[in-house]
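Examining the three-dimensional arrangement
What follows is each chain in one-letter form.
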Amino acid sequence: MSDDCIFCRIIAGDIPCSKVYEDDQVLAFNDINPKAPVHVLVVPKVHFDRLHESDETHAEMLGRILVGVGKVASKTEVTGPGYRVQFNQERGAGQEVFHLHAHVTGGGPIPK
C-alpha cells in the first residue's frame, strides 16, 4: 500500500467507492468520470505501478485482474453487447493514477 495513492486509499476504505466486485486480491468500482454507460476500474489490492514492470512473480496478480474483469462484465451485463478492457500505461496513453488497473467499458457507444 502507498499512502499517497488514491486507489490504495480506496482499497483501505479511507475513500468511499461504488463497489461492483471484490475478492481477496482485487477491488472493482465505478469510475468517477465514466467514459461509457458502464465504466468500472479493476484494481489489484497490492500497489503496483505499471504493467511493463511485471515479471513472472506477478502472474497470479495479473490473472486475478483478468478474472475480476470477467466478473465485472457479467455483473454489469455487458457480455452480450460487448465491452472493452483497457490498460492505460504512462501519461502519454492516458494513465492518471499510477496503480495498475484495468478499465472495463461498455453498455453503449464507447469512445475510441
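On a predicted model such as this, the values are computed, not experimentally measured, just so you know. (Residues numbered from 1 in each chain as written. Predicted model: local features only at pLDDT ≥ 70, side-chain atom pairs only at ≥ 80, totals over all residues. Heavy atoms only, no water.)

1. A look at the nonpolar core
To be explicit about the condition: In plain words, nonpolar cores are sets of buried Ala, Val, Leu, Ile, Met, Phe, Trp, Tyr and Cys residues tied together by side-chain atoms within 4.5 Å. Between buried and exposed lies partly exposed: a residue is buried under 20% and exposed over 50% of the maximum accessible area for its type, with that area taken using a 1.4 Å probe on protein chains only. By definition, any uninterrupted DSSP run of H or I lasting at least four residues is a helix, any uninterrupted run of E lasting at least two residues is a strand, and each is numbered from the N terminus. Any pair of residues with heavy atoms lying within 4.5 Å of one another is described as a contacting pair.
Formed by 17 residues in total, the largest nonpolar core has its most connected members in Ala 28, Val 40, Val 42, Ile 65 and Val 72. Looking at this core, the elements that each hand over two or more residues are strand 1 (19-22), strand 2 (26-30), strand 3 (38-44), helix 2 (59-75) and strand 5 (102-106). With five residues, helix 2 is the largest single contributor of residues to this core. The contacts of Val 42, once residues within four sequence positions are left out, are Val 26, Leu 27, Ala 28, Ile 65, Gly 68, Val 69, Val 72, Leu 100, His 101, Ala 102 and Val 104. In terms of nonpolar packing, the next biggest core, distinct from the first, is built from ten residues, Phe 7, Ile 10, Leu 27 and Val 43 among them.

2. Some words on the packing of aromatic side chains
Operational definition: Stacked, tilted and edge-to-face pairs are distinguished by plane angle, under 30 degrees for stacked and over 60 for edge-to-face with tilted covering the rest, among Phe, Tyr and Trp rings (Trp via its six-membered ring) whose centres lie within 6.5 Å.
In this structure the tally under the stated criterion is one aromatic pair. Summarising the aromatic geometry, the rings of Phe 7 and Phe 29 are spaced 5.6 Å apart at their centres and angled 80° between planes, so their arrangement reads as edge-to-face. Of this pair, Phe 7 sits in helix 1 (residues 6-11) while Phe 29 sits in strand 2, and the two are 22 residues apart along the sequence. Comparing Phe 7 with Phe 29 shows no difference in burial state: the two are buried.

3. Looking at the pairing of strand 3
Worth spelling out the cut-off: Paired strands are those between which DSSP finds at least two bridges.
With seven of seven residues buried, strand 3 lies mostly within the body of the structure. The alternating pattern of strand 3 places Val 38, Val 40, Val 42 and Pro 44 and His 39, Leu 41 and Val 43 on opposite faces, both of which are buried. Of the strand pairs in this sheet, strand 2 and strand 3 are connected by five bridges, and their pairing is antiparallel. In the sheet register, Leu 27 faces strand 3, and the bridge partner there is Val 43. Where strand 3 and strand 5 come together, five bridges link them in antiparallel fashion.

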